Amino acid sequence: KAKEQRGSLSFFSDDLTAAVHRRLQLEQRLRRALEQQEFCLYYQPQWSIDGQQLTGVEALIRWQDPECGLVSPAEFIPVAEQSALIRAIGSWVLSRACEQIADWHRRGVRIPRVAVNVSPQQLDHQHLLHEVESVLQQTCIDPAQLELELTESGLMSPGLEAVEMLASLRALGVSLAIDDFGTGYSSLAYLKRFPLNLLKIDKSFTDDLLTGESAQAIVEMIIMLGHKLGLSVLAEGVESEAQRVELERLGCHQFQGYLKSRPLSVEELEALLLSSS
Ligand code: C2E
Ligand code: CA
Ligand code: CA
Ligand code: CA
């Protein structure tokens with residue numbers, strides 16, 4: 001019996017070792033991917049709630065792995081976030097997005113706004129503020145064209161420093177969105193403290209909007225909250241016309257989702273703009 005126990009214990013620890021090994025390996029491949037420029041950005045259009053006007057795009061990272069093909073960020077961002085790598089990847093995303101804004105501006109391509117995802121780990125120590133300042137300087141873009149998507153968990157941990165830094169970012173002219181709103185462990189108090197522009201309703205609420213009473217109540221509440229606080233509200237993951245119509249009825253301002261478009265490569269996005277103008 002003792003033998004059996006030892007057996008399962010060592011099996012468990014082998015398993016653990018394998019998992020740790022896999023993670024370290026992925027970290028190493030991600031580091032190499034950065035050096036070899038295997039990342040690229042896709043852009044998902046965001047629309048006025050009637051679907052008539054492009055209000056912006058969200059930059060979403062993709063990894064073109066020579067061995068595995070296109071890898072989803074859902075697979076590697078969580079790993080990167082557990083190491084220092086997320087800083088380097090986050091910096092790359094920010095500067096790539098701003099270079100793209102500058103390039104579109106030069107070529108007369110009209111994209112009102114580009115939203116960039118910011119991981120909680122990037123919010124520390126004024127680091128983000130300095131980085132945004134320098135990339136704005138380098139690319140000479142209009143700061144109003146840049147939006148940063150923060151998560152509730154990113155905003156909850158830090159103290160007063162974060163409030164000041166976000167105020168400084170706003171003073172630069174950059175806009176601020178809360179991503180996945182309603183899924184974090186937040187109190188609503190921070191909505192008053194932080195200078196925000198946009199609330200993004202998480203896809204899980206959009207999914208249940210037409211089928212679950214509580215999702216509908218939550219969506220209604222978020223939209224009302226946005227109205228009262230003077231914030232724009234965008235629903236994520238809108239896949240059906242019925243969802244869009246309901247969101248419009250509830251007073252939601254914008255949406256993004258497969259109903260109108262998936263995340264697109266730069267070429268695909270520019271083709272879409274040409275065909276719709
Ligand atoms: P997110 O920020 O919530 O991004 C929205 C995700 O929902 C994207 O997945 C998008 O492709 C997907 N999506 C949009 N509309 C629909 C829809 O109608 N139906 C369905 N089923 N899905 C929809 P993606 O691109 O795989 O990104 C996954 C997550 O990875 C993002 O979630 C974000 O948390 C993270 N991520 C992506 N790019 C970056 C980045 O550059 N930096 C950081 N820190 N995180 C990123
Ligand atoms: Ca996002
Ligand atoms: Ca989101
Ligand atoms: Ca999400």
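Residues numbered from 1 in each chain as written. Chains lettered and ligands numbered in written order. Predicted model: local features only at pLDDT ≥ 70, side-chain atom pairs only at ≥ 80, totals over all residues. Heavy atoms only, no water.

The protein carries the name cyclic-guanylate-specific phosphodiesterase in an unreviewed UniProt entry, which gives Marinobacterium marinum as its organism.

Draft legend 1. Representation of the pairing of strand E7 (residues 198-201) within the structure. Side chains Leu198 and Lys200 project from E7 onto one buried face, and the interleaved Leu199 and Ile201 project onto a second face that is buried too. The pairing of strand E6 (residues 175-181) with E7 spans 3 bridges and is parallel. Looking at the pairing, Ala177 lines up with Leu198 of E7. (Buried < 20%, exposed > 50% of the residue type's maximum accessible area, 1.4 Å probe, protein only. Helix = DSSP H or I, 4+ residues; strand = E, 2+ residues; numbered from the N terminus. Pairing = 2+ DSSP bridges.)

Draft legend 2. Looking closely at the packing of aromatic side chains. All chains considered together, the criterion is met by 5 aromatic pairs. Each ring, one from Tyr43 and one from Trp104, has its centre 5.2 Å from the other, and the planes form 65°; the classification is edge-to-face. Residue Tyr43 is located in strand E1 (residues 39-48), and its partner Trp104 is located in helix H3 (residues 85-106); the two are separated by 61 residues in the primary sequence. Note on accessibility: Tyr43 and Trp104 belong to one class, buried. Taken together, the ring pairs in this structure connect Phe39, Trp63, Phe76 and Trp92 into an aromatic cluster. The lysine or arginine in question, Lys260, covers the ring of Trp47, its NZ or CZ lying 4.3 Å from the ring centre. Cation over ring: Arg262 sits above Tyr258, and NZ or CZ is 3.9 Å from the ring centre. (Phe/Tyr/Trp six-rings, centres within 6.5 Å; stacked < 30°, edge-to-face > 60°. Lys NZ or Arg CZ within 6 Å of the ring centre and 35° of its normal.)

Draft legend 3. Region of the structure containing the state of the cysteines. Under the counting rule described, the total for this entry stands at 0 disulfides. Between Cys68, a cysteine without a disulfide, and Cys40, which holds the nearest cysteine sulfur, the sulfur-to-sulfur distance is 15 Å. Residue class for Cys68 comes out exposed when judged on its relative accessible area of 52%. (Disulfide = S-S within 2.5 Å.)

Draft legend 4. Fine view of the site of ligand 1. Near ligand 1, the surroundings consist of 21 residues, among which Gln44, Arg62, Ser119, Glu239 and Tyr258 are the closest. Ile61 places a polar main-chain atom, nitrogen or oxygen, 3.1 Å from a nitrogen atom of ligand 1. A distance of 3.4 Å separates an oxygen atom of ligand 1 from a polar side-chain atom of Asp180. For ligand 1, whose unbound accessible area comes to 810 Å², protein coverage reaches 81%. Looking at which element gives the most residues to the shell around ligand 1, the answer is strand E2 (residues 54-65), with 4 residues. Within the shell around ligand 1, the residues separate by chemical class into 8 nonpolar, 6 polar and 7 charged. (Near = heavy atom within 4 Å. Polar contact = N/O pair within 3.5 Å; in protein donor to acceptor, adjacent residues only side chain to side chain. Areas by Shrake-Rupley, 256 points an atom, 1.4 Å probe, with all protein chains shown as cover. Nonpolar A, V, L, I, M, F, W, Y, C, P; charged D, E, K, R; others polar.)

Draft legend 5. The pattern of salt bridges, seen in detail. Within the structure shown, the criterion is met by 15 salt bridges. Salt-bridge contacts for Arg107 lead to Asp103; the nearest nitrogen and oxygen are separated by 2.8 Å. The exposure class assigned to Arg107 is partly exposed, which follows from its relative accessible area of 46%. With its nearest N and O atoms 2.9 Å apart, the salt bridge here joins Arg244 to Glu248. Residue Arg244 and its partner Glu248 are both found in helix H10 (residues 241-249); the two are separated by 4 residues, about one turn of the helix. Using a relative accessible area of 9% as the deciding quantity, one classes Arg244 as buried. Put simply, Glu58, Glu149, Lys200 and Glu236 are held in one network by salt bridges that share partners. (Salt bridge = Lys/Arg side-chain N within 4 Å of Asp/Glu carboxyl O.)

Draft legend 6. Representation of the coordination of the calcium ion (ligand 3) within the structure. At 2.2 to 2.5 Å from the calcium ion (ligand 3) lie its protein donor atoms, namely Asp179 (OD), Asp180 (OD), Glu236 (OE) and Glu236 (OE). Considered as a linear motif, the donors of the calcium ion (ligand 3) on their single chain read D-D-x55-E. Between the two metals, the calcium ion (ligand 3) and the calcium ion (ligand 2), the spacing is 3.8 Å, and Asp179 donates to both. Of this pair, Asp180 sits in strand E6 while Glu236 sits in the loop between strand E8 (232-235) and H10, and the two are 56 residues apart along the sequence. (Donors = N, O, S within 2.8 Å, 3.2 Å for Na, K, Ca; no water.)

Draft legend 7. Fine view of the side chain of Arg62. Position of Arg62 relative to the elements: it lies in strand E2. For the buried Arg62, no salt bridge is present, and the opposite-charge side chain at shortest range is Glu58, 8.7 Å distant. (Lys, Arg positive; Asp, Glu negative; His and termini not counted.)

Draft legend 8. Summary view of helix H9 (residues 213-229). Here H9 is 17 residues long and its end C-alpha atoms lie 24 Å apart, about the 24 Å a rise of 1.5 Å per residue gives. Along H9, the residues classified as buried are Ala215, Val219, Ile222, Ile223 and Gly226. Buried residues of H9, viewed axially, fall in a sector of 95°; they line one side. Facing away from the buried side of H9 by over 90 degrees, the exposed positions are Glu213, Ser214, Met224 and Lys228. (Expected span 1.5 Å × (residues − 1). Arc of directions from axis to C-beta.)

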